[in-house]
Amino acid sequence: MNDHAANPARPRVYLETYGCQMNVADSQTVSAVLRRAGYVTANGVEDADVVLLNTCAIREHAEEKVLHRLRELARLKNSRPEVKIGLLGCMAQHNRVAIMEKAAFLDVVAGPDSYRRLPEMIGSAGFDASIDVRLDRAETYADITPEYGGGVRAYVTAMRGCDKFCAFCVVPYVRGRERSIPPSDLMREIGELAARGVKEVVLLGQTVNAYRFGDVDFGALLRMIASIDGIDRIRFTSPHPSDMSESIIEAMATEPKVQPQLHLPLQSGSDRILAAMERGYTVAEYLDLVARVRAAIPGIALSTDIIVGFHGENESDFEATTALMRSVGYDSAFMFKYSVREHTRAFRLGDSVSEEEKGRRLTALIALQEEMSLARNHEMIGREFPVLVEGPARRGGGMMSGKTPQFKTAIFAASGIPAGNTVRVRVDSATGHSLMCSIS
Ligand code: 5AD
Ligand code: SF4
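Fair warning: this is a prediction, and the values are worked out from it, not measured in the lab. (Residues numbered from 1 in each chain as written. Chains lettered and ligands numbered in written order. Predicted model: local features only at pLDDT ≥ 70, side-chain atom pairs only at ≥ 80, totals over all residues. Heavy atoms only, no water.)

## Brief notes about helix α11 (residues 283-296)
Here is step 1: The terminal C-alpha atoms of α11 lie 20 Å apart, and with 14 residues this matches the ideal 20 Å at 1.5 Å per residue to within 8%.
Here is step 2: Buried residues of α11: V283, Y286, L289, V290 and V293, and no others. Buried positions in α11, seen along its axis, are confined to an arc of 125° and lie on one side of it. Counted as exposed and oriented over 90 degrees from the buried face of α11: A284 and A295. (Helix = DSSP H or I, 4+ residues; strand = E, 2+ residues; numbered from the N terminus. Expected span 1.5 Å × (residues − 1). Buried < 20%, exposed > 50% of the residue type's maximum accessible area, 1.4 Å probe, protein only. Arc of directions from axis to C-beta.)

Encoded structure:
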């Protein structure tokens, strides 16, 4: 949104985003909706007329962060009662009653399918809060162009919602049913991004590879997007293992713009726990998928999500997870302690693993993954990769950074190479998190 200094009379909004890439993308849609309605961006809560938090409900910890922030905002509301404060997104949808009890000062509570109405809701919030947490099976925001940030990479929502109902997960309840954005809208939008200098798109969805619009499945969509001039690289997140069709694997194998990188959430390496989680695949099926993907796309980087301490997980289930992680050899992994979520199917099962034990398992798993990330990155030493340049490296000192096709961070000595250029580098050394390279 515009800087406030240029438009002193317009209402100023400050939007904070918590949670996943989908929320970041949703916030860009919210910004577009508010900008159309005349809002400009505030520099912080201090100079804002409206403060909005776009929230995450995936784990209790995510909710606690927001509740902490709300306690701070209560003080702001006390000193400046005219400031309107709104809670958006998954937490608003998940538990609005509990939240209204904890933060009675909220003016606006809007779920993920209510963003179109935000200007009206903010305007009408008075003595009573304006609340809209209806889910809408048809809402895709396809006609609203989000306010993308700058940079060579853009995250583009391809589908919304989730129909999988994994036993532990609140997403299907807070984001509603699967809906795919029409290919024509995606093509137009990504075409516009390419014209603005974006080189890489990351297609987003809770189960992005379940994408389907008419005859167009996700494999076909990847090919369509690959036909857009100016877009050099295509990635996507997060796919579900059960929706990883041959059509998608083939598109990845044959379309050079689709990058050799795949996030394949495993959750557990124990069949018993996978069944209790209602994930819809067995360990053997998952390993077969990994083998097919690796055979079709040599050099592909794999990452995953793991939950430790799901209800009923015993020591041997946990050992099965560590064994599976060792045998796959992921390039990276996101690992979480199980967090019981209200409304989910697992809610009534309970929480049999103590907090201490979850902590112990998580620490052990993180140590194992660090070891393996380092080993995987060491295998890259001496090899050459094309790197999409993003800009000066965070560590400064005449270094620049960008990503390899496998989405590993490459750091190399250079200056003045424009972002968006692709350079060839050779890997000299590696840590678990980045590759130190020289231009070759
Ligand atoms: N507790 C812990 N982790 C969870 N995830 C989803 N729901 C929960 C939960 N209740 C994790 C899964 C998912 C990732 C986005 O978050 O690993 O893939
Ligand atoms: Fe949650 Fe499962 Fe859907 Fe992923 S696939 S968003 S874990 S319900």
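Continuing now.
## Observations concerning the site of ligand 2
Here is step 1: In the vicinity of ligand 2, the residues found are C162, K164, F165, C166, F168, C169, V171, P172, T207, H240 and R279.
Here is step 2: For the shell around ligand 2, the per-class residue count stands at seven nonpolar, two polar and two charged. (Near = heavy atom within 4 Å. Nonpolar A, V, L, I, M, F, W, Y, C, P; charged D, E, K, R; others polar.)

## Comments concerning the sheet that holds strand β4 (residues 84-89)
Here is step 1: Reading across the sheet, the six strands line up as β2-β1-β3-β4-β5-β6 and stay open at both edges, with parallel pairing between neighbours. At either margin of the open sheet sits one strand with a lone partner, and together these are β2 (40-41) and β6 (130-132).
Here is step 2: One ladder, built from six bridges, connects strand β3 (residues 50-55) with β4; its direction is parallel. Counted as the bridge partner of V50 is K84 from β4.
Here is step 3: Strand contacts of helix α1 (residues 21-36): β1 (12-17), β3 and β4, with the helix running at about 170° to β1, the strand carrying the most contacts.
Here is step 4: Most of the contacts of helix α2 (residues 60-79) go to β3, to which it runs at about 170°, and overall it touches β1, β3 and β4. (Pairing = 2+ DSSP bridges. Contact = heavy atoms within 4.5 Å. Axes fitted to C-alpha atoms, helices over the stretch in contact; angles between N-to-C directions.)

## Some points on the domain arrangement of the protein
Here is step 1: When its domains are assigned, the protein resolves into domain 1 (4-132), domain 2 (153-378) and domain 3 (384-439).
Here is step 2: On a C-alpha basis, the centroid separation for the pair domain 2 and domain 3 is 26 Å.
Here is step 3: Buried surface at the junction of domain 2 and domain 3, both sides included, amounts to about 1,300 Å², of which 48% is carbon and sulfur.
Here is step 4: The largest share of the area that domain 2 buries against domain 3 comes from R153, R233 and N377, three residues that together contribute 42% of it.
Here is step 5: Viewed at the interface, domain 3 and domain 2 are joined by two salt bridges. (Domains from an automatic or database assignment. Buried area = accessible area lost by both parts, 1.4 Å probe. Salt bridge = Lys/Arg side-chain N within 4 Å of Asp/Glu carboxyl O.)

## Concerning the side chain of E63
Here is step 1: Along the chain, the position of E63 falls in helix α2.
Here is step 2: Within the local environment of E63, its side chain forms a polar contact with the side chain of H94, the two groups lying 3.0 Å apart.
Here is step 3: Those residues in contact with E63 that sit more than four places away from it in its chain are C56, A57, M91, H94 and R341. (Polar contact = N/O pair within 3.5 Å; in protein donor to acceptor, adjacent residues only side chain to side chain.)

## Digging into the side chain of K408
Here is step 1: You can see K408 is positioned in the loop between β18 (399-403) and β19 (409-413).
Here is step 2: Side-chain polar atoms of K408 contact the side chain of N377, separated by 2.6 Å.
Here is step 3: Setting aside residues no more than four positions away along its own chain, K408 makes contact with D331, R376, N377, M380, G402, K403 and L435.

## Comments concerning unusual backbone geometry
Here is step 1: With an omega dihedral of -5°, the bond running from T237 to S238 counts as a cis peptide bond.
Here is step 2: One non-glycine residue, Q267, adopts positive backbone phi at about 75°.
Here is step 3: As for its position among the elements, Q267 is in the loop between β14 (261-263) and α10 (271-277).
Here is step 4: A relative accessible area of 7% places Q267 in the buried class.
Here is step 5: The phi dihedral of F407 is positive, around 70°, even though this residue is not glycine.
Here is step 6: Its location among the elements puts F407 in the loop between β18 and β19.

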